[in-house]
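# Notes for the structure review
Single-letter residue listing:
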Amino acid sequence: MTDIAVLGYGTVGSGVVEVIDKNNASIDMKAGGGIRIKYVLDLRDFPGDRVESILVHDFDTILNDPDVRIVVEVMGGVEPAYSFVKKSLLAGKSVCTSNKELVAKHGPELISIARSKNINFLFEASVGGAIPVIRPINSSLTADPILQIKGILNGTTNYILTQMADEGWEFDKALETAQKLGYAERNPEADIEGYDACRKIAILSSLAFGKNVDYENIYTEGISKITALDIVYAKKLGCAVKLLASSVCEDGRYYAMVAPFLVGSSHPLYGVCGVYNAIFVNGESIGDVMFYGSGAGKLPTACAVVADVVDAAKHLDKHIYTFWSDEELKLTGIENATRRFFVRVSGQSGSRDKIDSVFGEVSYITVDEDPDGFGFVTGPVTEKWFNERLKEIEGVKGRIRFE
Ligand code: HSE
């Protein structure tokens, strides 16, 4: 029997308890022995709840109990999660977490402690919810150097963008609905401004490239400026707007970014809708491998955490090697990346002469819903060139990159 403790009885924590209770027989069989939840830590009380008798308020109860071999951290945020996780690892307890803030900020240090103690720090649930992507990067895709990772890594923003496209809603209404359905948090900043996707691509890139990608160095743009009118133009262009997170290794240089992109209807990410996530991993010999599934939600995320618990139980005194050094991976700025841009402009067609003279050949686009404005699409240009020229155009209402 392996005793575990769950830190945090919120959405994911209660999901972990539910999954272990519900699937106990098959989980025990797959772990090669029983898994028992000995403690749940939370500041709150839960009278009448299934965890009432195992609820503790003091982390030291867990830390000082030698029977607890695995600690599940599902509190979220950096502190006190970081202190609790570090103390658990130093005490020889493996840790499984869904906490991407923690992993993105302290991943290399926590992996290194786990290695020194011959135990494990596992974090499959920190990226892509139920989608197995971290374990494949660490084990199945190790034969070929990974050159590119690209995907939709945030379920909340994908839900919002899908609703805007399907219902014609403005951003605020789609966000409000996402909040009502429990997808978006009351403070939605981390999701809508792209910070959540940024941390996730930092984690995946660090694992893929083997050096630490500091999420603070990743160019990040969210979706809060995308309007219903942008989506109307996107549809006319045969595209969907998707928040893409990507990292690329090209000629020994590394680029990473998070931003909304126009994705054409033949692109495999076009049809990834609602709270679903999808992640492409590309290698020289393997080509594209795509992972798709529920990127968020209580039970999908809890299942990924519990699968890590099973793995940790199977490797109680054996470290599963993860290559993520603390040496910083230098990222190259995105200013020389070349792509096409869609620009939306208010005003009369008179300004087209100016646009032609500044941008050279562009194609224009109009929609009935925007009688006083128009859009144009540039040819392939660098970010730097585009940004400098865009300053010369009056009445710019927005711009979106093409994938
Ligand atoms: N807020 C995150 C999302 C939860 O919407 O994807 C899963 O990490």
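Residues numbered from 1 in each chain as written. Predicted model: local features only at pLDDT ≥ 70, side-chain atom pairs only at ≥ 80, totals over all residues. Heavy atoms only, no water.

## Re the overall build of the chain
The following threshold applies: Secondary structure follows DSSP: runs of H or I at least 4 residues long count as helices, runs of E at least 2 residues long count as strands, and numbering of each begins at the N terminus. With a 1.4 Å probe rolled over the protein chains alone, any residue whose accessible area is under 20% of its type maximum counts as buried; one over 50% counts as exposed, and the rest are partly exposed. Here, residues are in contact when the closest pair of their heavy atoms is within 4.5 Å.
The helix and strand inventory of the chain stands at 14 helices and 18 strands. Its C-alpha atoms give the chain principal-axis dimensions of roughly 75 × 50 × 30 Å. In the chain, buried positions account for 55% of the 403 residues. Contacts in the chain between residues far apart in sequence, at least 24 positions, make up 72% of those at least 6 positions apart.

## Digging into the site of the ligand
As a reminder of what qualifies: Proximity criterion: a residue is near a molecule or strand once any of its heavy atoms comes within 4 Å of it. In the analysis that follows, any N or O atom pair within 3.5 Å is treated as a polar contact, provided that within protein one partner can donate a hydrogen and the other can accept it, and provided that, for residues neighboring in sequence, both atoms belong to side chains. By the convention adopted, Pro, Cys, Tyr, Trp, Phe, Met, Ile, Leu, Val and Ala count as nonpolar, Lys, Arg, Asp and Glu as charged, and the other residues, Gly among them, as polar.
If you check the shell around the ligand, you find Lys 100, Asn 154, Gly 155, Thr 156, Asp 191, Asp 196, Lys 200, Gly 295 and Ala 296 and nothing else. Contact between the ligand and Asp 191: a nitrogen atom at 2.9 Å from a side-chain N or O atom of the residue. Take Lys 200: an N or O atom from its side chain is 2.8 Å from an oxygen atom of the ligand. Split into classes, the residues belonging to the shell around the ligand amount to one nonpolar, four polar and four charged.

## Some points on the nonpolar core
Test applied: Throughout this description, the term nonpolar core refers to a set of buried Ala, Val, Leu, Ile, Met, Phe, Trp, Tyr and Cys residues connected via side-chain atoms within 4.5 Å.
Counting 84 residues, the largest nonpolar core has Ile 62, Leu 89, Phe 121, Phe 123, Ile 160, Ile 203 and Leu 204 as the members making the most contacts within it. Of the residues forming this core, the biggest block, nine residues, is contributed by helix H10 (residues 195–209). The residues touching Leu 89, leaving out its near neighbours within four places in the chain, are Ser 94, Val 95, Leu 110, Ile 113, Ala 114, Lys 117, Ile 119, Asn 120 and Phe 121. Grouped together as the second largest cluster of nonpolar side chains are 32 residues, Val 16, Val 19, Ile 54 and Val 72 included.

## Things to note about the pattern of salt bridges
Note the following rule: By convention in these notes, a salt bridge is any Lys or Arg side-chain nitrogen within 4 Å of a carboxyl oxygen on Asp or Glu.
All told, the structure shown has 23 salt bridges when counted by the stated rule. In this structure, Lys 86 and Glu 109 form a salt bridge, with 2.8 Å as the shortest nitrogen-oxygen distance. Of this pair, Lys 86 sits in helix H4 (residues 81–90) while Glu 109 sits in helix H5 (residues 100–117); the two residues are 23 residues apart in sequence, bridging distant segments of the chain. With its nearest N and O atoms 3.2 Å apart, the salt bridge here joins Asp 311 to Arg 135. Highlighted residues: Asp 311 in helix H12 (residues 298–314) and Arg 135 in helix H6 (residues 134–140), separated in sequence by 176 residues.

## Some details on the sheet that holds strand E6 (residues 121–122)
In plain terms, the rule: DSSP-based pairing: two strands are paired if at least 2 bridges between them are found. Between the N-to-C directions of two axes lies an angle of 0 to 180 degrees, each axis being a line fitted to C-alpha atoms and, for a helix, fitted only over the stretch in contact.
Spatial strand order, E3-E2-E1-E4-E5-E6: six strands in an open sheet with parallel pairing. Each end of this open sheet is capped by a strand with a single partner; those strands are strand E3 (55–56) and E6. Direction of pairing for strand E1 (residues 2–7) relative to strand E2 (residues 35–41): parallel, over a ladder of six bridges. From the neighbouring strand, Ile 4 faces E2, where its bridge partner is Ile 37. Sheet strands touched by H4: E1, E2, strand E4 (68–73), strand E5 (94–97) and E6. Its angle to E5, the strand with the most contacts, is close to 150 degrees.

## Describing the pairing of strand E12 (residues 287–294)
Judged from the eight bridges that link them, strand E11 (residues 276–283) and E12 form a sheet pairing that is antiparallel. The residue bridging Asn 282 from the neighbouring strand is Asp 288, located in E12.

## So, a nonpolar patch on the surface
Our working rule: Only residues whose relative accessible area exceeds 30% and that form no salt bridge enter a patch; like-charged residues are grouped when within 9 Å of one another, and nonpolar side chains (Val, Leu, Ile, Met, Phe, Trp, Tyr) when within 5 Å. Areas reported here follow the Shrake-Rupley algorithm with a probe of radius 1.4 Å; residue values treat only the protein chains shown as occluding.
Together, Tyr 276, Met 290 and Tyr 292 line one region of the surface with nonpolar side chains, adding up to about 290 Å² of accessible area. Along the polypeptide, Tyr 292 turns up in strand E12.

## What to know about helix H2 (residues 24–31)
Let me state the cut-off plainly: It is the directions from the helix axis to the C-beta atoms that the arc portrays.
Within H2 the residues assigned to the buried category are Ile 27, Asp 28 and Ala 31. An end-on view of H2 places all buried positions within 100 degrees of arc, on one side of the element. Along H2, the residues that are exposed and aim more than 90 degrees away from the buried face are Ala 25, Met 29 and Lys 30. Buried residues along H2 sit in contact with helix H1 (11–22), E2 and H12. Within two residues after H2, Gly 32 carries a phi angle of roughly 75 degrees, on the positive side.

## Looking at the state of the cysteines
Convention followed: Note that a disulfide, as used here, is simply two cysteine sulfur atoms within 2.5 Å.
In total, this model carries zero disulfides according to the counting rule given. Just so you know, Cys 249 is unpaired, no disulfide at all, and the nearest cysteine sulfur is the one on Cys 198, 19 Å from it. Sulfur of Cys 273: no disulfide; nearest cysteine sulfur belongs to Cys 239 and is 14 Å away. Owing to a relative accessible area of 34%, Cys 273 belongs among the partly exposed residues under this scheme.

## Some details on the domain arrangement of the chain
Where we set the bar: Each domain's extent is set by a domain assignment, obtained either automatically or from a database. Buried area: the sum, over both parts, of the accessible surface (1.4 Å probe) that disappears when the two are put together.
In terms of domains, the chain is made up of domain 1 (2–129 + 298–314), domain 2 (135–294) and domain 3 (335–402). Here domain 2 and domain 3 have C-alpha centroids that lie 24 Å from each other. If you look at the interface, domain 2 gives 17 residues, while domain 3 gives 17 residues. Taken over both partners, the interface formed by domain 2 and domain 3 buries close to 1,500 Å², and the fraction arising from carbon and sulfur atoms is 68%. It is Leu 229, Tyr 233 and Leu 262 that lose the most area in domain 2 upon contact with domain 3, and together they represent 38% of the buried surface on that side. For the pair domain 2 and domain 3, the number of links is three salt bridges. Taking the shortest distance from any N to any O, the salt bridge between Arg 399 and Glu 221 comes out at 3.1 Å. The tally of links between domain 2 and domain 3 comes to nine residue pairs in polar contact (both at pLDDT 80 or more). The set of elements that each furnish at least two residues to the side of domain 2 that touches domain 3 consists of helix H11 (228–236), strand E9 (239–250) and strand E10 (253–264).

## Structural notes on the environment of Leu 90
Tracing the backbone shows Leu 90 in helix H4. The sequence separation of Leu 90 and Leu 43 amounts to 47 residues, and the corresponding C-alpha distance is 23 Å. With near-sequence residues (within four places) excluded, Leu 90 lies in contact with Ile 113 and Lys 117.

## Overview of the side chain of Asn 158
Take Asn 158: it is sitting in helix H7 (residues 155–167). From its side chain, Asn 158 meets the backbone oxygen of Val 272 in a polar contact 3.0 Å long. Among all residues touching Asn 158, those that are not within four sequence positions of it are Ile 152, Lys 242, Val 272, Cys 273, Gly 274 and Tyr 276.

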